[in-house]
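Listed below, chain by chain, are the residues.
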Amino acid sequence: MPTLMTYDAWFRDADSGTGRWELDEIVYRSPTGGLLEVAHDLEALKNRSAAGWMKLWDSRYKRTQWPYGSGVWGKKELVLPNIPDEHVVSLDEGGSNLFWADRFGRELGLKDLWVKQCGVSHTGSFKDLGMTVLVSQVNHLIKSGKQKIMGVACASTGDTSAALAAYCAAAGITSVVLLPRGKISPAQLIQPIANNSLTLALDTDFDGCMRLVQQLTEDNKLYLANSMNSLRVEGQKTVGIEIVQQFDWDVPDWIFIPGGNLGNVSALYKGFEEIQALGIISRIPKIVCCQAESANPLYRAFKTGWKEFHPITAAPTQASAIRIGDPVSRSKAIKALMKHGGSVEQASEQELADAMARADRTGLFNCPHTGVALAALIKFVARGEVKPGERVVVVSTAHGLKFGDPKTAYHTDTLPGVVPRYRNPPVELAADRTAVYDAVMRHVERSVG
Ligand SMILES: *Cc1c(COP(=O)(O)O)cnc(C)c1O
């Protein structure tokens, strides 16, 4: 077996697929201002057969040989092939639960519905998948003396900053996070604070923080950790590969995924395209990128038949991590969605809240972004686009525990403009035997009848 095989990876222009910059350079954009992507020498990777890759990756999956037990680093050859293992900063990300949503699926008339629980992860969101790669590469640049980097910075709607802070803290690297003041959840705010990140709460929105962090990192003293940095996509792309792996290398029919800055949907396609090139899968699932109606620039572009894209000012939404009006990775996302015939759907505040609550009643505990994807799925089922026997995966992007406030507001009926049809408010009672017994019996009889 070619165990000592070497593989090559480099940055290239994502639009044209040309140019070459080394991964050890600090570069985020091509000279034309476009996004970069990490290219892999797929010809060299083809030296191992598809069956060989599946066997190798399965042999590492969730084992303890560090860092290969991580869902990301188990596929190291296709992620960052040349980073020394001792420079990898891993918190055992990936390998997350693929929940068979049997009961919720049957409620919707589906036989084969699954939820990929990316929020069951170290910092509670899928951002860990990308951040392990970015922080590992920064750690490598520092440890190998290839670059002088004083710290890493990001703008965030809450989950990116949590992941950056944790990975940097684990590696002993300084981190700085720029957050829109009052627009992220309390749980998300405490994460970078606890991990000793310089936490800047700014009077602007996410798009304003994004503009500032790009200026802040211009002189290369601080490394930029947002998803326009294509290293993050390399980790995030493993989610699709892992879903297929969890189905014993069977490809599902549909994947519904929430989208804000649009790095994750681009990453999903990139992973599938690469394992298709390696012969591991023969087709790519139908992918639906799901947006909140109040932050829906991609949906609007889709509705024009991809003729026009206009950034918008995103309005408040329970799905605060996708409150983005000017998504950085839109060109990658649109290119992939057009190429593969992917779709975009949107959900109102009422629809996403009800979908989240309905699914929770069947044993899940969803974040509002997952609610957006579930609401989009409900529309596809109602229109007959998703058929009863098809295998559907919903990518859950964060843990519901990070979003207790909108969930509490739903159940206590304090969400403006939302009528909570599935609310289950706490019942406040005197600590009295009869009162408690009567309340329980009323509930049990209602549930049975
Ligand atoms: C970041 C994030 C998203 C959106 O991902 P993009 O790559 O920005 O499209 C969705 N849900 C949650 C919970 C997130 O943290």
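If you're wondering where the values come from, they're calculated on a predicted model, not measured in any experiment.

This paragraph deals with the sheet that holds strand S9 (residues 254–258). The strand order across the open sheet built from 6 strands is S3-S4-S12-S9-S10-S11, with neighbouring strands paired in mixed fashion. Here the strands that pair on one side only, and so sit at the sheet edges, are strand S3 (98–100) and strand S11 (343–347). Sheet twist, expressed as the average angle between the axes of neighbouring strands with direction ignored, equals 25°. Both S9 and strand S10 (residues 286–292) contribute to a ladder of 5 bridges, which runs parallel. By the bridge assignment, Ile 255 is partnered in S10 with Ile 287.

Time to look at the sheet that holds strand S7 (residues 198–202). With parallel pairing, 4 strands are arranged side by side in an open sheet as S7-S6-S5-S8. The open sheet is flanked by S7 and strand S8 (222–224), the only strands paired with a single partner. Pairs of neighbouring strands in the sheet enclose a mean axial angle of 25°, with direction left out of account.

This paragraph deals with helix H4 (residues 127–143). With 17 residues, H4 extends 24 Å between its outermost C-alpha atoms, agreeing within 8% with the 24 Å of an ideal straight helix rising 1.5 Å per residue. Buried residues dominate H4, accounting for 15 of its 17 residues. Looking one or two places after H4, you find Gly 145, whose phi comes out positive at around 70°.

On the surface, a cluster of nonpolar side chains totalling about 520 Å² of accessible area is made up of Val 427, Leu 429, Val 436, Val 440, Val 444 and Val 448. Here Val 436 is to be found in helix H16 (residues 433–448). A residue is classified by how much of its surface remains accessible, and Val 436, at 38% relative accessible area, is partly exposed.

Looking at the element boundaries, Gln 188 is found in helix H6 (residues 186–194). Among the polar contacts listed, one links the side chain of Gln 188 to the side chain of Asp 159, at a separation of 2.9 Å. For Gln 188, the residues in contact, after removing those within four places along its chain, are Thr 157, Gly 158, Asp 159, Ser 320, Lys 402 and Phe 403.

On to the environment of Ser 396. Structurally, Ser 396 is set in strand S12 (residues 391–396). With a relative accessible area of 2%, Ser 396 lands in the buried category. Put simply, Ser 396 and Val 436 are 40 residues apart on the chain and 37 Å apart in space, counted from C-alpha to C-alpha.

Definitions and limits used
- Residues numbered from 1 in each chain as written.
- Predicted model: local features only at pLDDT ≥ 70, side-chain atom pairs only at ≥ 80, totals over all residues.
- Heavy atoms only, no water.
- Pairing = 2+ DSSP bridges.
- Helix = DSSP H or I, 4+ residues; strand = E, 2+ residues; numbered from the N terminus.
- Axes fitted to C-alpha atoms, helices over the stretch in contact; angles between N-to-C directions.
- Expected span 1.5 Å × (residues − 1).
- Buried < 20%, exposed > 50% of the residue type's maximum accessible area, 1.4 Å probe, protein only.
- Patch = residues over 30% accessible without salt bridge, like charges linked within 9 Å, V, L, I, M, F, W, Y side chains within 5 Å.
- Areas by Shrake-Rupley, 256 points an atom, 1.4 Å probe, with all protein chains shown as cover.
- Salt bridge = Lys/Arg side-chain N within 4 Å of Asp/Glu carboxyl O.
- Polar contact = N/O pair within 3.5 Å; in protein donor to acceptor, adjacent residues only side chain to side chain.
- Contact = heavy atoms within 4.5 Å.

Take it as geometry only, folks, not as evidence of what the structure does.
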